[in-house]
Amino acid sequence: MKTILVPTDYSDVAYNALRYAAELANHAHAKLILFHAYHVPVPTTEVPVMLVSPQELEKENHERIKKLEREIVEISSGKVKVESIVRAGFAVDAILDLVKEKNIDTIVMGMQGGGTLRKVIGSTTTALMKKSNCPVIVVPEKAKFKKIKKIVYACDYEKINNHSALEPLWDLARMYDAEIMVFNVKDSRMHPSTKEAIEGIRLDHWLGRVKHSYWFAENSDVVEAIND
């Protein structure tokens with residue numbers, strides 16, 4: 001983990017995610033990039049409307065994000081290297097472009113809700129999770145950073161042939177000497193298939209380099225089981 005991107009809309013939820021990312025960057029000795037994408041208003045009627053110019057919008061957003069940059073530098077006592085960027089455009093597209101441009105290897109964003117998996121709210125966050133090839137860490141609005149000791153990896157033992165896709169998880173566990181808890185939720189009416197058993201053996205071999213354990217639960221509601 002060398003470069004962490006933190007998109008922000010200047011909300012409290014985004015600020016909390018930024019604080020979390022700063023702590024993560026400090027422990028990982030990674031660079032932090034703050035990013036905000038803003039929209040340039042376009043008149044939709046023939047009636048003259050006073051609009052803010054693109055130059056004014058850029059200046060305003062530049063000042064706001066620079067303020068955040070200074071806060072993070074102060075909070076981390078200068079230990080975290082921070083860069084801030086503002087651009088006009090649609091958030092998801094702009095973020096994906098920046099990931100390629102800056103060789104981002106982790107994105108940290110906030111989410112609203114009570115912290116349960118059912119409450120991932122926010123079109124930008126959810127859209128990015130679907131489109132990005134870069135790992136996205138989603139931080140609940142009230143979550144505070146603490147040393148990572150246990151990581152739950154919810155796994156159905158299917159479609160995990162490419163274990164290299166799990167490298168970010170392995171890196172995170174190694175960084176904190178944390179345990180990966182492989183958690184499988186099954187409907188009590190279902191029985192493990194031969195394919196799933198084989199995948200489980202392959203996964204165990206791959207995880208041999210880090211501390212790990214296996215957990216199982218019978219529940220027709222996967223989200224409920226994970227939260228429990």
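Keep in mind the model is a prediction, meaning the values are calculated, not measured.

A. Looking closely at the packing of aromatic side chains. For the structure shown, the criterion picks out two aromatic pairs. A centroid spacing of 6.3 Å and a plane angle of 55° characterise the contact between Phe145 and Tyr176, whose relative ring orientation is tilted. Taken together, the positions of Phe145 in the loop between β5 (136-140) and β6 (150-154) and Tyr176 in helix α5 (residues 167-176) put the pair 31 residues apart, joining distant regions of the chain. On the basis of relative accessible area, Phe145 is assigned to the buried category, the value being 17%. Among the aromatic residues, ring-to-ring pairing joins Tyr20, Phe145 and Tyr176 into one connected group. Of note, Arg209 hangs over the ring of Trp170, and the distance from its end group to the ring centre comes to 4.2 Å. Sitting over the ring of Trp206, Arg209 keeps its end group 5.6 Å from the ring centre.

B. Geometry of the sheet that holds strand β4 (residues 106-111). Spatial ordering of the open sheet is given by β3-β2-β1-β4-β5, a layout of five strands whose pairing is parallel. Looking at strand neighbours, the two that pair on one side only are β3 (82-88) and β5, the edges of this open sheet. For this sheet, the mean inter-axis angle between neighbouring strands, taken without regard to orientation, is 25°. Most of the contacts of helix α2 (residues 54-75) go to β3, to which it runs at about 160°, and overall it touches β2 (31-38) and β3. Strands β1 (3-7), β2, β3 and β4 of the sheet are contacted by helix α3 (residues 91-101), whose axis makes an angle of about 150° with β2.

C. Up close: the sheet that holds strand β8 (residues 212-218). Spatially, β6-β7-β8 is the arrangement adopted by the three strands of the open sheet, whose pairing is parallel. In this open sheet, the two edge strands, each paired with only one partner strand, are β6 and β8. This sheet shows a mean twist of 25° between the axes of neighbouring strands, independent of strand direction. Here five bridges tie β6 to strand β7 (residues 179-186), and the two strands are oriented parallel to one another. Residue pairing for β7: Lys150 is matched across the bridge by Glu179. Lying over the sheet, α5 contacts β6 and β7, oriented at roughly 165° with respect to β6.

D. Local environment of the environment of Met181. Locating Met181 in the fold gives a position in strand β7. Once you skip the residues sitting within four places of it in the chain, Met181 turns out to touch Lys150, Ile151, Val152, Tyr153, Ser213 and Trp215.

Quick notes on the rules
In every chain, residue numbers begin from 1 and rise along the written sequence. Local features in this predicted model are restricted to residues of pLDDT 70 or higher, and side-chain atom pairs are both shown and tallied only at a pLDDT of 80 or more, whereas totals for entire chains, interfaces and linings draw on every residue. Based on all heavy atoms of the structure, the side-chain values leave hydrogens and waters out of the count. Stacked, edge-to-face and tilted labels apply to pairs of Phe, Tyr and Trp rings (six-membered ring for Trp) whose centres lie within 6.5 Å, assigned for plane angles under 30 degrees, over 60, and everything in between, in that order. Numbering of helices and strands runs from the N terminus, with a helix taken as a DSSP run of H or I at least four residues long and a strand as a DSSP run of E at least two residues long. Exposed residues in this analysis have more than 50% of their type's maximum accessible area, buried residues have under 20%, and partly exposed residues fall in between, with area computed by a 1.4 Å probe over protein chains only. Only when the NZ of Lys or the CZ of Arg is both within 6 Å of the ring centre and within 35 degrees of the ring normal is a charge said to sit over the ring. Being paired, for any two strands, means DSSP has found at least two bridges between them. Convention adopted: a line fitted to C-alpha atoms gives each axis, helices being fitted over their contacting stretch, and angles between N-to-C directions are expressed from 0 to 180 degrees. Whether two residues touch is decided by their heavy atoms; if any such pair falls within 4.5 Å, the residues are in contact.

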